[in-house]
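Understanding the architecture of this molecule
If you want the building blocks of each chain, they are given just below.
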Amino acid sequence: MTHQRPDPDQLLARIKEEEVQARRGKFKIFFGASAGVGKTFAMLSAARAARAQGVGVVVGVVETHGRAETQALVDGLEILPPRQVAYRERTLTEFDLDGALQRAPQLILMDELAHSNVAGSRHPKRWQDVEELLDAGIDVWSTVNVQHLETLNDVVSGITGIKVWETVPDRVFDEADEVVIVDLPPDDLLQRLKEGKVYMPQQAATAVRNFFRKGNLIALRELALRRTADRVDDEMLDYRRSRSVAPVWQTREALLLCIGPDDRTEKLVRATARMAAQLDVPWHCIYVETPRLQRLQEASRQYVFRMLKLAQESGADTATMAGSSLPAAVVKYAHEHNLSRIVLGRDTQRRVPPWRSTLAEAVGAMGVDLDVIQIALPARERSQRPVDAASASPGPQPKSPWLPYAWSAAVCGGAALFTAPLHSMLELTNIVMLFLLAVVFVAVRFGRGPAVLAAFLSVGAFDFFYVPPRFTFSVGDAQYLLTFAVMLVVALVIGQLTAGLKFQASVATSREERVRALYEMSRDLSGALMPQQIAEIAARFLKSEFGARVALMVAGPDDRVTSPVPVADLPDGIEAGVAQWAFDHAEAAGHGTNTLPASPVLYLPLKAPMRMRGVLVIGPRDPARLAGPEQRQLLETCASLLAISIERIHYVDVAQSTIVQMESERLRHSLLAAISHDLRTPLAALVSMADTLAMTAGGGSGRPAEIAQAMREAAFRMSSQVSNLLDMARLQSGQVQLRLQWLPLEEALGGAIRAMQSTLDPGRVRVRLPNDLPLVHVDPALFERVLCNLLENAAKYTPPGTSIDVGAAVAGDRIRIVLDDQGPGLPAQREEVIFEMFERGRKESATPGVGLGLAICRAIVEAHGGTIRGETRSGGGARFIIDIPRGEPPRLDMPEADGPIGEPS
């Protein structure tokens, strides 16, 4: 078993993290597969138990959905008063974050973690409110379903066919202090649905036909259980690392395969993949680069990379490690990742000397808690040569492997010649130091093997040239034998340590260079404000690290990748179709992948936290520099940084345009209000002068009377438009408060017809309302304005004498009002545009108006919680449909009579 000294930096980081966690509240999530499994019920039951133990519990938000048993658990608990929020002329209730922070309870309940807050709240999402509560030291309990986890959202939508828009980042779920799985078998959940304990009966029938099918529930249940098991497994690994636990805990079966440059490695990879599939367990595949393997030829190195890629495609987690001892590195990786079974190859022809242990024996000796599985490798044919043979490497032949040993002998000979003249001036102990210095030099320059040779040659040279009798290997004094032994041991130890330190220093230096390059790249990207700047930064980084040329293709609003952002040196052979494929499938394509591997360039999709942002095209001058797992990981990290930067500048542009739009709207509203108020006074004077002129003309039918009547009608039209401007300004500024009343629809419709008598013949309006139509809950004045604007609109655009039909009916929980006319209908593709401010159906129309009537209608209807839309009827003419909530009118309690009507009491 290996014992390792804890890393001081890790200990300090852990202490700081524990200090932060101590100040932070505890977060507990009740996690379920779907609605109705009992998450809220379980949370409230646990909360009542906690209150019985003296914990101060406050209900922040709990959605009972009308379930009596859930409401019974809420009764008796302190409920934080909600915050009233004005939204589109409606008053909504939301969680009061400031009130909760001021109340500072010991524990607060926050149901439905994925909920989206009303626009204008401090945080757009409830989970962000929860994080602020936790930072304030308040414990929080919440609930969430598996379909609301960000990384599983698309999986669930693929199973159920229903897209869930409210999501929670997996980070929030993983950082919770405790997750309680609330599980319910599908049959029991379906029974709860039938009993009306989840939804109302009419909603339950629809839910069973769509989302709550038994197959869906089984799949969601498996996802929830697996996600919880993965989280528990991560918690166990974190605990092991924080406590420096070395022994493997066999809580979950897993396999670890170690591969090397042997040409039979492919059998090991495929056999381990089959074994993992049969056992249904995860597996890892690692390659340990020792100093000896660091001198592999390029063909052998590429072979190892291909095997790692094969393992990754077969479902393994791959890694490349550096270490001086192969068995120690394997055991360390197994302990760090809690892998209990090690898979190694076994050569049928033993090639290790009897006095040395095989890799399996060494791993078994170091990791006594590990199971070692050996897979027999096929015997090599005599004609078969290892993959690292010189003949397997194309191009120029490498240097002879014996050259470092020749240099080692030359250095030792040089040391003997250099010390020969100094024999009479130096003690033998000092001459020994010079030979040891030669061993150190050989170890630093040529590595372990030549250092071992240098150690033996140095002892032999010292004995031959300086120990009496000189120039012979005979020893006159037996004490020199001890000197030789100590000198040899010291030389071997110094040589091995020096070679090992050199190897570790080279590995650390290369990693430090990569980290520094990534840091410099991220620092430069933080200041980039345009895609061209991001492309230039990416080109500099990839050119320095991989000697590659780069092209950045950013996705447009239509999810189509655009042409490459112009930079100095674009790679050749870029194909827009391949780039679009990589973008659409979120997979790498081109060189070194399974999709168009013959392509000269590599296409990497840029995945940002919110969505795909484009494609990074890499044209390597030396393809071998992109082949290693560490190199691919570095490329993926670079692509991730670029994607985040592109997304950042996108949202900066969105924020800037939103600010400009908001400021423009504010200025426009202020201008409209000011102009409208200034126009009312002259309009009133104009109407008065028109009336005076008509009275002066004596009410006749002459020319003066016609002019006076025309002036009066024009003034009234202008006054109506000014009123529309004022109403729109008040509606959009939020200054209008609804005064809701229950009234018959015919009363509001009759008021609108009377108000429009000057411009619309009442005889043209045909009203058909059912006798049992319920009362409507509206603001009488505002809703009358909606009907007036619709009638005025119909009067403007329909031929004189044609009818305007108004009808109403009950449609579920809504009351639907329909207005039909006999005009030309609505312009194609502009059915929604006409409800925007200053938009008209036909811009070239000579009909007077400024395009505010329908915009005011929509604003008022939406303030009532309804909807309005327009369409062209199949038989010709326009149709406007208003849906408003039906509501429940108050009951009138009539006193009981003493006797039948008409009889005296």
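These remarks concern the structure in this document.

Criteria and cut-off values
Residues numbered from 1 in each chain as written. Predicted model: local features only at pLDDT ≥ 70, side-chain atom pairs only at ≥ 80, totals over all residues. Heavy atoms only, no water. Helix = DSSP H or I, 4+ residues; strand = E, 2+ residues; numbered from the N terminus. Contact = heavy atoms within 4.5 Å. Polar contact = N/O pair within 3.5 Å; in protein donor to acceptor, adjacent residues only side chain to side chain. Pairing = 2+ DSSP bridges. Axes fitted to C-alpha atoms, helices over the stretch in contact; angles between N-to-C directions. Phe/Tyr/Trp six-rings, centres within 6.5 Å; stacked < 30°, edge-to-face > 60°. Buried < 20%, exposed > 50% of the residue type's maximum accessible area, 1.4 Å probe, protein only. Lys NZ or Arg CZ within 6 Å of the ring centre and 35° of its normal. Salt bridge = Lys/Arg side-chain N within 4 Å of Asp/Glu carboxyl O. 1 Å grid on protein atoms, 1.4 Å probe; cavity = no way out; pocket = protein on both sides within 12 Å on 5 of 7 lines; lining within 4 Å. Points joined across faces, edges and corners; volume = space filled by probe spheres on them. Nonpolar A, V, L, I, M, F, W, Y, C, P; charged D, E, K, R; others polar.

Before going further, it helps to spend a moment on the environment of R24. Relative to the elements of secondary structure, R24 occurs in the loop between α1 (8–23) and β1 (27–32). Apart from the residues within four sequence positions on either side, R24 is in contact with E131, L134, D135 and G137. At 2.5 Å, the side chain of R24 and the side chain of D135 are in polar contact.

This part is about the sheet that holds strand β17 (residues 612–620). Read across the sheet, four strands follow the order β14-β17-β16-β15 without closing on themselves; strand pairing throughout is antiparallel. Here the strands that pair on one side only, and so sit at the sheet edges, are β14 (548–554) and β15 (589–590). Where strand β16 (residues 602–607) meets β17, six bridges bridge the pair, whose relative direction is antiparallel. Residue pairing in the sheet places L604 in a bridge with L616 of β17. Lying over the sheet, helix α19 (residues 531–546) contacts β14 and β17, oriented at roughly 155° with respect to β14.

It is worth spelling out the packing of aromatic side chains at this point. Tallied over the full model, the rule gives five aromatic pairs. Aromatic pair F31 and F173: ring centres 4.8 Å apart, planes at 55°, arrangement tilted. Taken together, the positions of F31 in strand β1 and F173 in helix α7 (residues 170–174) put the pair 142 residues apart, joining distant regions of the chain. Residue F31 is classed as buried on the basis of its relative accessible area, which comes to 0%. On the accessibility criterion, F173 (1% relative accessible area) is buried. The aromatic ring of W141 is capped on one face by K28, whose charged end is 4.5 Å from the ring centroid. One residue, R858, lies across the ring of F835, its end atom 4.4 Å from the ring centre.

What the rule picks out here adds up to 29 salt bridges. R122 is paired through a salt bridge with E132; the nearest N and O atoms lie 2.5 Å apart. Of this pair, R122 sits in the loop between β6 (107–110) and α5 (126–135) while E132 sits in helix α5; the two residues are ten residues apart in sequence, bridging distant segments of the chain. As a salt-bridge pair, R816 and D883 come within 2.8 Å of each other at their nearest N and O atoms. Of this pair, R816 sits in strand β22 (residues 814–820) while D883 is found in strand β24 (residues 878–885), placing the two residues 67 residues apart along the sequence. Of the residues examined, D883 reaches a relative accessible area of 8% and is grouped as buried. Look at the salt bridges and you will find they share partners, linking R549, D569, D572 and R621 into a network.

By the element assignment, S474 lies in the loop between α17 (448–466) and α18 (479–526). For S474 and D463, which are eleven residues apart along the polypeptide, the C-alpha to C-alpha distance reads 8.1 Å. Other than its neighbours up to four places away in sequence, S474 contacts D463, P468 and P469.

Okay, empty space enclosed by the protein next. Taken as a whole and judged by the stated rule, the model has two cavities of 30 Å³ or more. A33, S34, V37, D183, L184, L189, L217 and R221 are the residues that line the largest cavity. Grouping the constituent residues of the lining of the largest cavity by class yields five nonpolar, one polar and two charged. Space inside the second largest cavity adds up to approximately 30 Å³. Going through the elements one at a time, α24 (780–797), β22 and β24 are the ones with two or more residues in the lining of the second largest cavity. It is β22 that contributes the most residues to the lining of the second largest cavity, three residues altogether. In terms of residue class, the lining of the second largest cavity is made up of eight nonpolar, no polar and no charged.

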